[in-house]
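Here's the letter readout for the chains.
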Amino acid sequence: MIIVTTPDITPDALDRLIEHVEAAGLRTHVSRGAHRTIVGCIGDDAALGEHGLTHLEGVERVLPVLKPYKRASREFSVGDTAVRLGDARDTVIGGRALVVMAGPCSVEGRAMLHTTAQAVQAAGARVLRGGAFKPRTSPYAFQGMGSDGLALLAEVRAATGMPVVTEVMDPRHVDMVAAHADILQIGARNMQNFALLSEVGRVQRPVLLKRGLSATITELLMAAEYVMAQGNGDVILCERGIRTYETATRNTLDVAAIPVLKRETHLPVIVDPSHAGGRAELVTPLAMAAVAAGADGLIVEVHPDPAHALSDGEQSLEPGAFAAMMAAVARVAEAVGRGVGSELGSELGSELGSELGSELGSELGSEHGAATAATRGAW
Ligand code: PEP
Ligand code: MN
């Protein structure tokens, strides 16, 4: 259940309320907005009884949350979650401006990583991607450079100032990867590796959680809940295509998942058009569709010489094609009331919160609904 407090609740009354809930054996999750604070309660709320709570000081309303995910649900949060990155915390995922992450599938060496990073940065990407530990279908395929790849990512991060996202596959590697990366990527194949999800939940690093090959949207949100339950609320969800009967594309991009997720959760949602389509010529149209459908960002594979890439060359854009994709995406972003990568836009977006707003948000009459409908365009 969630407890909606009165606008004038005092800090002491809020503390007493939290103590009361926790004394009944429940866990609490507090979300503070400019005008309203919400206390989410997780556990057996029969122990509390709705009626007893409504008489406590500072309680306006008590509402049930019927979804299996709690911390990830829109009801548990006042407005959208914006994930801040980089040393200056000035890259914001989940604000008004889209954030594009780009780079090679795998880190293959120093020169190619530098070249790719400079090219994608010049085209407007804000975050550098690159796999050091690679989940490959065949044990005989290139498995990534491992810790040497992490060191190269850190080196290029320092040279360009770009935050870095890279995959972690093993719970034993979480601290090592977190020491080099700004975002910990959980790959599609590990979306339900619950030990790994709990482990990344324990570190204070944003997590990019990719949807499993055949995972439902609810399963994706429950995977996010595993991370959040350990105290790490900075989860970015990624739709990267799901497996269907279609064989013309590597996967099927589930465009509908974007608005569904935006309705269900306050977490940012990005799209990977590279793994979804599996072919370079599909990347731009899928990226445009994703932005039109409300994605907060993209993650795209770019390689200086795709024909000789050690992994996923067929779906990698060469730098010129990536710059053209960015121009196409910027036009769609503008059409739906969003920019690409502008810090001003991000600040504005995160302050205004969600344009969709939860039912609760609109019921509460917060500024979010009205202000963002005007700012980000109607849906
Ligand atoms: C990747 O991003 O390189 C990757 C392996 O993606 P996914 O887990 O979505 O297949
Ligand atoms: Mn790849």
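Quick notes on the rules
Within any chain, residue numbers begin from 1 and follow the written order of that chain's sequence. To label them, take the chains in the order written and letter them from A, then take the ligands in the order written and number them from 1. For a predicted model such as this one, the threshold for reporting local features is a pLDDT of at least 70, and the threshold for listing and counting side-chain atom pairs is 80 or more; totals across whole chains, interfaces and linings nevertheless cover every residue. Only the C-beta atom matters for nearness: placed from the backbone, it must lie within 6 Å of the molecule or strand for the residue to count as near. Residue type decides the class: Asp, Glu, Lys and Arg count as charged, Ala, Val, Leu, Ile, Met, Phe, Trp, Tyr, Cys and Pro as nonpolar, and the leftover types, Gly among them, as polar. Each pair of strands is called paired provided DSSP finds at least two bridges between the two strands. Helix numbering and strand numbering both begin at the N terminus, where a helix is a DSSP run of H or I of at least 4 residues and a strand a DSSP run of E of at least 2. All axes are obtained by fitting lines to C-alpha atoms, using only the stretch in contact for helices, and the reported angles, taken between N-to-C directions, cover 0 to 180 degrees. Residues are scored as being in contact if the C-beta atoms we place from backbone atoms lie within 7 Å. Any angle from 65 to 115 degrees is called roughly perpendicular, while one under 35 is roughly parallel, one over 145 is roughly antiparallel, and all others are oblique. The hand of a helix crossing depends on one turn: near helix anticlockwise from the far one by less than a right angle means left-handed, and clockwise means right-handed. Exposure is read from a count of other C-beta atoms within 10 Å of each residue's own; the residue is exposed at 12 or fewer, buried at 20 or more and partly exposed in between. C-beta atoms are placed from the backbone. For the handedness criterion, the strands are oriented away from the viewer, and a crossover whose path from the first strand over the helix to the second runs clockwise is classed as right-handed. The span one expects for a helix is its residue count, reduced by one, times 1.5 Å. Along the arc lie the directions from the helix axis toward the C-beta atoms.

A separate point is the site of ligand 1. Neighbouring residues of ligand 1: Cys105, Gly131, Pro135, Gly187, Ala188, Arg189, Lys210, Arg240, Asp272 and His275. Of the residues assigned to the shell around ligand 1, the class counts are three nonpolar, three polar and four charged.

Quick look at the sheet that holds strand β3 (residues 37–42) now. Pairing is antiparallel in the open sheet, where four strands are placed in the order β2-β3-β1-β4. The open sheet has two edge strands with one neighbour each: β2 (27–32) and β4 (59–63). In this sheet, adjacent strand axes meet at a mean angle of 20° when their direction is disregarded. The pairing of strand β1 (residues 2–5) with β3 spans three bridges and is antiparallel. Considered in β3, the bridge of Ile2 is made with Gly40. Along the sheet face, helix α1 (residues 11–23) touches β1, β2, β3 and β4 and points at about 10° away from the line of β3.

Right, let's talk about the environment of His20 for a bit. Mapping His20 onto the fold places it in helix α1. Counting along the chain gives 36 residues from His20 to Leu56, while the straight-line C-alpha distance between them is 9.4 Å.

Okay, the sheet that holds strand β10 (residues 183–186) next. Strand pairing in a sheet relies on backbone hydrogen bonds. The paired strands run either parallel or antiparallel. Spatial strand order, β7-β8-β9-β10-β11-β12-β13-β14: eight strands in a closed barrel with parallel pairing. The sheet shows a mean angle of 25° between the axes of neighbouring strands, taken without regard to direction. Where strand β13 (residues 269–271) lies against strand β14 (residues 297–301), two bridges are found, and the strand directions are parallel. For Val271, the partnering residue across the bridge sits in β14 and is Leu298.

With that settled, consider the packing of helix α6 (residues 194–201) against helix α7 (residues 217–229). Here α6 crosses α7 at 45°, and the two axes come no closer than 6 Å. Judged on the interaxial angle alone, α7 and α6 are oblique. For the crossing formed where α6 meets α7, the hand is right-handed. Facing α6, whose interface residues are Phe194, Leu197, Ser198, Val200 and Gly201, α7 presents Ala223, Tyr226, Val227, Met228 and Ala229. Of the residues assigned to the contact of α6 with α7, the class counts are eight nonpolar, two polar and no charged.

On strand β11 (residues 207–210), burial covers both faces: Val207 and Leu209 on one face and Leu208 and Lys210 on the other are all buried. Taken together, β10, α6 and β11 constitute a β-α-β crossover, and its handedness is right-handed. In terms of handedness, the path from β11 via α7 over to strand β12 (residues 235–239) forms a crossover that is right-handed.

The phi dihedral of Arg89 falls on the positive side, at around 55°, and the residue is not glycine. In this structure, Asp312 is a non-glycine residue whose phi angle is positive, near 55°. Turning to its location among the elements, Asp312 is positioned in the loop between β14 and α11 (319–335).

Relative to the 20 Å expected for 14 residues at 1.5 Å per residue, helix α4 (residues 147–160) spans 20 Å between its end C-alpha atoms, a close match to the ideal helical length. The set of residues buried in α4 consists of Gly149, Leu150, Leu152, Leu153, Val156 and Arg157. End-on, the buried residues of α4 take up no more than an arc of 160°, which puts them together on one face. Turned more than 90 degrees off the buried face of α4, the exposed positions are Ala158 and Ala159. Positive phi shows up at Gly161, right after α4, with a value of about 80°.

In this model helix α3 (residues 110–122) runs 18 Å from its N-terminal to its C-terminal C-alpha over 13 residues, within 8% of the 18 Å that 1.5 Å per residue would give. Each element contacted by the buried residues of α3 is listed here: β7 (99–103), β8 (127–129), α4 and α11. Looking one or two residues past α3, Gly124 carries a phi angle of roughly 115°, positive in sign.

At their nearest, the axes of α3 and α4 sit 10 Å apart, and the two run at 40° to each other. Classified by the angle between their axes, α3 and α4 sit oblique to one another. Crossing handedness for the pair α3 and α4: right-handed. Together, Arg110, Leu113, His114, Ala117, Gln118 and Gln121 of α3 and Leu152, Val156, Ala159 and Thr160 of α4 make up the contact between the two elements. Per-class residue counts for the contact of α3 with α4 are five nonpolar, four polar and one charged.

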